[in-house]
Amino acid sequence: MKPTKIRNQQIYRATFATRSKQVSGSLSKELRKKYGKRSIRINIDDTVRIIRGEYKGVDGKVTKISTEKNGVAIEGIKKEKLKGEKIDVYIPSSNILIIGLNTDDHWRKSKLEGQKPKVTPKEPKSEKPKEPKSEKPKEPKSEKIGKLKTREAKD
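Conventions used here
Residues numbered from 1 in each chain as written. Predicted model: local features only at pLDDT ≥ 70, side-chain atom pairs only at ≥ 80, totals over all residues. Heavy atoms only, no water. Pairing = 2+ DSSP bridges. Helix = DSSP H or I, 4+ residues; strand = E, 2+ residues; numbered from the N terminus. Axes fitted to C-alpha atoms, helices over the stretch in contact; angles between N-to-C directions. Core = buried A, V, L, I, M, F, W, Y, C linked by side-chain atoms within 4.5 Å. Buried < 20%, exposed > 50% of the residue type's maximum accessible area, 1.4 Å probe, protein only.

A.B. asks: I keep staring at the sheet that holds strand β6 (residues 86-92) and nothing clicks. Help me out?
C.D. replies: Picture the strands of a sheet paired through backbone hydrogen bonds; they go either parallel or antiparallel. Spatial ordering of the open sheet is given by β2-β1-β7-β3-β4-β5-β6, a layout of 7 strands whose pairing is mixed. Sheet topology places β2 (39-41) and β6 at the edges, where each strand pairs with a single neighbour. Along the sheet, successive strands turn relative to each other by an average axial angle of 55°, direction set aside. In the sheet, strand β1 (residues 24-27) pairs with strand β7 (residues 96-100) via 2 bridges, with the strands oriented parallel. Paired with Leu27 across the two strands is Ile98, which belongs to β7.

A.B. asks: Looking at this structure, how should I read the nonpolar core?
C.D. replies: Inside soluble globular proteins, nonpolar side chains tend to come together where they are buried. Val72, Ile74, Ile91, Ile96, Ile98 and Leu101 are the most contacted members of the largest nonpolar core, which has 19 residues in total. Breaking this core down by element, the ones donating at least two residues are α3 (29-35), β3 (47-50), β5 (71-80), β6 and β7. Here the element with the most residues in this core is β5; it accounts for 3 residues.

All we've got here are geometric facts, nothing functional implied.
Structure below.
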């Protein structure tokens, strides 16, 4: 397959799950040491710092996430249109450094800490001594066939 086709499938025609993973940002040095991860998916209410572009050095909370634009809208960063209307500016997720995490979600917390997320911990089952099953002596096949033939004869 041509490289352009592969690139288009990976970026522009990617599935929703793949696009969601692409909206991720790198963690700050403190968070890297704490969680042992280099990057994570950006969520609403995460505190971020812009490290490249026109708004470099600006800190703020994430207000909107766009998987289509692969970008993030940050509180306080707006652009004014000619008519005076203010609109959100979407910053590419690759230009963002996450400096504070929103850990309200217990799934996200457990994923960061390297545990498998669980809804509720399961209680260990109490072990009961297993009773041996009482097995009936098996009849040889020839006797079973004989019984079937006698039943058919009776009918």
